[in-house]
Amino acid sequence: MKKQHLYWIWLGLYGLCAGLGFLGERNAFVHILLGLLAIAFYIPAVLLLYQAITGQDKKLLLQVRLISLSCLLLTLLMIVLTIVFVQAGASVGMVLHILLNLVSAPMACFYWPGLGLFLWACLFIASFPRLWRK
């Protein structure tokens, strides 16, 4: 697949994860569907990473690395801001929660939110192919 197509698919899955991550009442079936959607979110990224490594495309490798790193850092920032502004009131907490869900969209879809961060970190580490090549 072409890089542009994978980026568009990745963006579409981001939109779905960001939108559906705000669902309030979830039963087991919805949790499973959202978990599958969140896992599907990472498939275009892995394919882009595979293309970058096999094609020796350093620019694409850097793009995937920067996207994953920025998501991890922005998520950390939103979590720290949520802790700092814990006394600020419900409306500030709601805004920070919305921003956190938008920054790390698949995290809100998983039953265990830490799994989304773990997969972002795996994507980031995998973007350094010299670390795991012999």
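My aim in this report is to walk through the structure given alongside it, one point at a time. (Residues numbered from 1 in each chain as written. Predicted model: local features only at pLDDT ≥ 70, side-chain atom pairs only at ≥ 80, totals over all residues. Heavy atoms only, no water.)

1. Some thoughts on the overall build of the protein
Then, number 1: In terms of helices and strands, the protein carries 7 helices and 0 strands.
Then, number 2: Tracing the protein from N to C terminus, the helices and strands come up as α-α-α-α-α-α-α.
Then, number 3: When its C-alpha atoms are laid out on the principal axes, the protein stretches across 50 × 35 × 25 Å.
Then, number 4: Put simply, the protein has 134 residues, and 31% of those count as buried.
Then, number 5: Considering only intrachain contacts with a sequence separation of at least 6, the fraction spanning at least 24 residues in the protein is 71%. (Helix = DSSP H or I, 4+ residues; strand = E, 2+ residues; numbered from the N terminus. Buried < 20%, exposed > 50% of the residue type's maximum accessible area, 1.4 Å probe, protein only. Contact = heavy atoms within 4.5 Å.)

2. Quick look at the environment of Cys109
Then, number 1: Within the secondary structure layout, Cys109 lies in helix α5 (residues 105–109).
Then, number 2: Residue Cys109 is classed as buried on the basis of its relative accessible area of 0%.
Then, number 3: Remark: the alpha-carbon pair of Cys109 and Met78, spanning 31 residues in sequence, is separated by 17 Å.
Then, number 4: Residue contacts for Cys109: discarding those within four places in its chain leaves Cys17, Gly21, Arg26, Leu34, Gly35 and Ala38.

3. Here's the deal with the pattern of salt bridges
Then, number 1: Within this structure, the stated rule accounts for 1 salt bridge.
Then, number 2: Between Asp57 and Lys3 there is a salt bridge, with its nearest N and O atoms 3.4 Å apart. Residue Asp57 is located in the loop between α2 (28–54) and α3 (58–84), and its partner Lys3 is located in helix α1 (residues 3–20); the two are separated by 54 residues in the primary sequence.
Then, number 3: By relative accessible area, Asp57 is classed as partly exposed at 23%.
Then, number 4: Classification of Lys3 as partly exposed rests on a relative accessible area of 33%. (Salt bridge = Lys/Arg side-chain N within 4 Å of Asp/Glu carboxyl O.)

4. Section: the nonpolar core
For soluble globular proteins, nonpolar side chains are generally found buried alongside one another.
Then, number 1: Counting 24 residues, the largest nonpolar core has Trp10, Phe41, Trp120 and Leu123 as its most contacted members.
Then, number 2: Listing elements by their share of this core, those giving two or more residues are α1, α2, α3, α5 and α6 (114–126).
Then, number 3: Ranked by residues supplied to this core, first place goes to α2 with 10 residues.
Then, number 4: Leaving out residues up to four positions away in the same chain, Trp120 has contacts with Trp10, Phe41, Tyr42, Ile67, Ser68, Cys71, Leu72, Ser104 and Pro106. (Core = buried A, V, L, I, M, F, W, Y, C linked by side-chain atoms within 4.5 Å.)

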